[in-house]
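Examination of the molecular architecture
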Amino acid sequence: MLLTWRRWRRGRPFWGGLAAVIAGAEICAIPLAPLKIMLQQGIAGIPSVLMGLVMIVMGLSAWFAPHYRGLAGVLTVLCAAAALVMSNLGGFLIGTVIGILGGSMIFAWQPVVPAEPETAATPGTAAGPGAPVPAPAPAPAPAPSEP
């Protein structure tokens, strides 16, 4: 079970997606304050909730569809930067900073390609890749010319 979890986690941008989900949740949570504070805020809380939800969705898409990591990373960074202006300084700067870091980690993640073992022999020899390469045969001497 632990090996399966580790393999799943390493096969995708897990930490970047986690940071994006945490940042989105933090940006969403600030406007969802008690009703007395929300009534004073008015309609200004709607962009905060929407940007936070987009960031959460991008973090989850990085986990479950890692081939969209480029789009998810860029949109996470853009939403985190927009939240700085539109959503209580991006969740009091915490959500913006975590969102930019998470989006950057999502965008920068590369899948690990397993190295293929070279067991095929090199052309023209019967030895494998670790065997020494034989020196080329010397060129035949030119035939002496008779005068």
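Residues numbered from 1 in each chain as written. Predicted model: local features only at pLDDT ≥ 70, side-chain atom pairs only at ≥ 80, totals over all residues. Heavy atoms only, no water.

**Describing the overall build of the protein**
What counts, and what does not: Helix and strand assignments come from DSSP, with helices taken as H or I runs of at least 4 residues and strands as E runs of at least 2, each series counted from the N terminus. We call a residue buried when its accessible area falls under 20% of the maximum for its residue type, exposed when it is over 50%, and partly exposed in between, using a 1.4 Å probe and counting protein chains only. Using a 1.4 Å probe, the Shrake-Rupley method yields the accessible areas, and only the shown protein chains count as cover for residues.
Scanning the protein from terminus to terminus reveals 7 helices and 0 strands. From first element to last, N terminus to C terminus, the protein shows the α and β order α-α-α-α-α-α-α. The 147 residues of the protein split such that 28% are buried. For the protein, the accessible surface area stands at approximately 10100 Å², while carbon and sulfur atoms represent 74% of it.

**Observations concerning helix 4 (residues 45–64)**
Residues three or four positions apart in an α-helix share a direction because the helix packs 3.6 residues into each turn. Condition: One less than the residue count of a helix, multiplied by 1.5 Å, gives the span that helix is expected to have. Think of it as the arc spanned by the lines of direction from the helix axis to the C-beta atoms.
Over its 20 residues, helix 4 extends 29 Å from the first C-alpha to the last, a length consistent with the 28 Å expected when each residue adds 1.5 Å. Listed as buried for helix 4 are Gly45, Ser48, Met51, Gly52, Met55, Met58, Gly59, Ala62 and Trp63. One face of helix 4 carries all of its buried residues, which in axial projection span an arc of 155°. Counted as exposed and oriented over 90 degrees from the buried face of helix 4: Leu50 and Phe64.

**Section: the environment of Ala72**
What counts, and what does not: Contacts were defined at the residue level, with two residues in contact if any of their heavy atoms lie within 4.5 Å.
Looking at the secondary structure, you find Ala72 in helix 5 (residues 69–86). Classification of Ala72 as buried rests on a relative accessible area of 1%. For the pair formed by Ala72 and Phe107, sequence separation is 35 residues and the distance between their alpha carbons is 7.3 Å. Ignoring sequence-local partners within four residues, the contact set of Ala72 consists of Met58, Ser61 and Ile106.

**A word on the side chain of Thr96**
Note that Thr96 resides in helix 7 (residues 94–108). Leaving out residues up to four positions away in the same chain, Thr96 has contacts with Ile27, Ala80, Ala83, Leu84, Leu89 and Gly90.

**Examining the UniProt feature "transmembrane region" (unreviewed entry) in the protein**
Which entries qualify depends on this criterion: UniProt positions are given in the numbering used here, feature names are shortened, and annotations may be inferred rather than shown by experiment.
On the UniProt side, "transmembrane region" (unreviewed entry) is annotated at positions that read residues 14–35, 42–65 and 71–101 here. Counting secondary structure, residues 71–101 comes out at 94% helix and 0% strand; the distance between its end C-alpha atoms is 15 Å.

**Some remarks on the nonpolar core**
Our working definition: Here the nonpolar core consists of buried residues drawn from Ala, Val, Leu, Ile, Met, Phe, Trp, Tyr and Cys, with membership extended through side-chain atoms lying within 4.5 Å.
Counting residues in hydrophobic clusters, the biggest one holds 7 residues: Ala23, Ile27, Met51, Met55, Cys79, Ala80 and Ala83. At the level of elements, helix 2 (14–29), helix 4 and helix 5 are the ones that each hand at least two residues to this core. In terms of residue count, helix 5 provides more of this core than any other element does, 3 residues in total. Excluding anything up to four places from it in sequence, Ala83 contacts Ile27, Met51, Leu89, Gly90 and Thr96. Core analysis: the next-biggest nonpolar cluster, separate from the first, contains 5 residues, Ala20, Ala62, Ala72 and Ile106 among them.

**A few points about the packing of aromatic side chains**
Keep this limit in mind: Put simply, two rings from Phe, Tyr or Trp (the six-membered ring, in Trp's case) pair if the centres are within 6.5 Å, and we call them stacked under 30 degrees between planes, edge-to-face over 60, tilted for the rest.
On inspection of all chains with the given rule, the structure shows 7 aromatic pairs. Pairing Trp5 with Trp8 gives two aromatic rings, centres 5.5 Å apart and planes at 25°, and the pair type is stacked. Linking Trp5 with Trp8, this pair stays in helix 1 (residues 2–10), spanning 3 residues, or about one helical turn. Taking 5.9 Å as the distance between ring centres and 50° as the angle between the ring planes, the aromatic pair formed by Trp8 and Phe64 counts as tilted. Here Phe64 lies in helix 4 and Trp8 lies in helix 1, a separation of 56 residues in the sequence. In textbook terms, an aromatic cluster arises when at least three aromatic residues are bridged by ring pairs, as seen for Trp5, Trp8, Phe14, Trp15, Trp63 and Phe64.

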